[in-house]
Amino acid sequence: MSSNKLSEALSAIDWEENISAMMSANERPDSIIAATLHLAIWSKQLEQTDTGNPALCFVREMQNAAHNTSALIALGMYKPAAASMRSIIEGALYYTYFRTHFVELSTLVREQGFYLDKKEIIAFHKNHTPYFLDNERKLGVVSRLEATYSKTSAVIHGQIPGKWVTYTALAHISYDEEVCREAINTFREVVEIVRRLFLCTVAQELWHSFSRAAKGKILHGLSGDQKAEIGLDSA
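Residues numbered from 1 in each chain as written. Predicted model: local features only at pLDDT ≥ 70, side-chain atom pairs only at ≥ 80, totals over all residues. Heavy atoms only, no water.

**Let's talk about the side chain of Ser 31**
And then number 1: Among the secondary structure elements, Ser 31 is positioned in helix α3 (residues 28-49).
And then number 2: Once you skip the residues sitting within four places of it in the chain, Ser 31 turns out to touch Ile 184 and Arg 188. (Helix = DSSP H or I, 4+ residues; strand = E, 2+ residues; numbered from the N terminus. Contact = heavy atoms within 4.5 Å.)

Okay, structure coming up:
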């Protein structure tokens, strides 16, 4: 494909109409805003309380992936959005592990073949993070993480052909009400998983330094029993 043909194909997409259609749908813009804002609150608190930790790069990657997710959904590019959603989960997982494993983080940067998968990180938390097993059972982190990670992976790898893909040519990329709804719901679930993962891991150590306003927003929606059981208050 010549550069002129590529330009023509991209110009044929009505990006503005895709965005307008999504923005005019009831509750969808608000759902995206709420999800990205929640991750932004976590990111700011972690940047301020875990200052200087080299693993904060994963928090920044997590937030960047959230921005990409928002943009891609609005443009009608739902399958690429799934990849960004999975990156949100991975960034959160990596941060919870590498923030206390600087040697392994250096190896990750230095050695191309070094890799740590989510099962290893979850196993670490089960074995070494204080109260993780009890808190995880109360909030249901692992089962939700596994289900959503598998769902996004299936979309990304085309395990269900045509899943979250609404076009066969670039010029046909457009807003799709049903797929957009599913993508946004998945995005919301991803953010909820990150919230619960952080509450069971890093928050247990850093919570005392979070601002009161941030605590209230992070805990919003959890029951009083859940807050009491995980030992985190909004004061």
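That shown, we press on.
**Considerations on the packing of helix α9 (residues 141-156) against helix α10 (residues 177-200)**
And then number 1: At a minimum axis distance of 10 Å, the contact between α9 and α10 shows a crossing angle of 145°. For the crossing formed where α9 meets α10, the hand is left-handed. In contact with Val 141, Arg 144, Leu 145, Thr 148, Lys 151 and Thr 152 of α9, α10 contributes Glu 182, Thr 186, Glu 189, Val 190, Glu 192, Ile 193, Arg 196, Leu 197 and Cys 200. (Axes fitted to C-alpha atoms, helices over the stretch in contact; angles between N-to-C directions. Left-handed = near helix turned anticlockwise from the far one by under 90°.)

**Concerning the side chain of Asn 18**
And then number 1: You can see Asn 18 is positioned in helix α2 (residues 15-23).
And then number 2: Taking relative accessible area as the criterion, Asn 18 reaches 4% and is therefore assigned buried.
And then number 3: Leave out the neighbours within four places in its chain, and Asn 18 touches Ile 13, Ala 74, Leu 75, Ile 173, Ser 174 and Tyr 175. (Buried < 20%, exposed > 50% of the residue type's maximum accessible area, 1.4 Å probe, protein only.)

**Details of the nonpolar core**
And then number 1: Within the largest apolar cluster, 66 residues are counted, with the highest numbers of intra-cluster contacts made by Leu 46, Tyr 95 and Leu 199.
And then number 2: Of the residues forming this core, the biggest block, 13 residues, is contributed by α10.
And then number 3: Non-local contacts of Leu 199, meaning those with residues more than four positions away in its chain, are made with Trp 42, Leu 139, Gln 204, Trp 207, Ile 218, Leu 219, Leu 222, Ile 230 and Leu 232. (Core = buried A, V, L, I, M, F, W, Y, C linked by side-chain atoms within 4.5 Å.)

**Some remarks on a nonpolar patch on the surface**
And then number 1: Nonpolar side chains collect at one region of the surface, where Leu 6, Leu 10 and Leu 170 lie side by side and expose about 210 Å² of accessible area between them.
And then number 2: Relative to the assigned elements, Leu 170 resides in the loop between α9 and α10.
And then number 3: Among the residues examined, Leu 170 registers a relative accessible area of 34% and is labelled partly exposed. (Patch = residues over 30% accessible without salt bridge, like charges linked within 9 Å, V, L, I, M, F, W, Y side chains within 5 Å. Areas by Shrake-Rupley, 256 points an atom, 1.4 Å probe, with all protein chains shown as cover. Salt bridge = Lys/Arg side-chain N within 4 Å of Asp/Glu carboxyl O.)

**Side note on the packing of aromatic side chains**
And then number 1: One pass over the full model with this rule turns up nine aromatic pairs.
And then number 2: Each ring, one from Phe 58 and one from Phe 98, has its centre 5.5 Å from the other, and the planes form 25°; the classification is stacked. Linking Phe 58 in helix α4 (residues 56-75) with Phe 98 in helix α5 (residues 78-98), this pair joins segments that are 40 residues apart in sequence.
And then number 3: Using a relative accessible area of 11% as the deciding quantity, one classes Phe 58 as buried.
And then number 4: Ring pairs connect the aromatic residues Trp 42, Tyr 95, Phe 198, Trp 207 and Phe 210, which therefore count as one cluster.
And then number 5: When the ring centre of Tyr 149 is taken as reference, the NZ or CZ atom of Lys 118 above it lies at 5.0 Å. (Phe/Tyr/Trp six-rings, centres within 6.5 Å; stacked < 30°, edge-to-face > 60°. Lys NZ or Arg CZ within 6 Å of the ring centre and 35° of its normal.)

**Focus: the pattern of salt bridges**
And then number 1: As enumerated under the stated definition, the model contains 13 salt bridges in all.
And then number 2: The closest approach of N and O atoms between Arg 86 and Glu 90, which form a salt bridge, is 3.6 Å. Of the two residues, Arg 86 and Glu 90 are both situated in helix α5; the distance of four residues between them amounts to about one turn of the helix. Both residues of the pair, Arg 86 and Glu 90, belong to the buried class.

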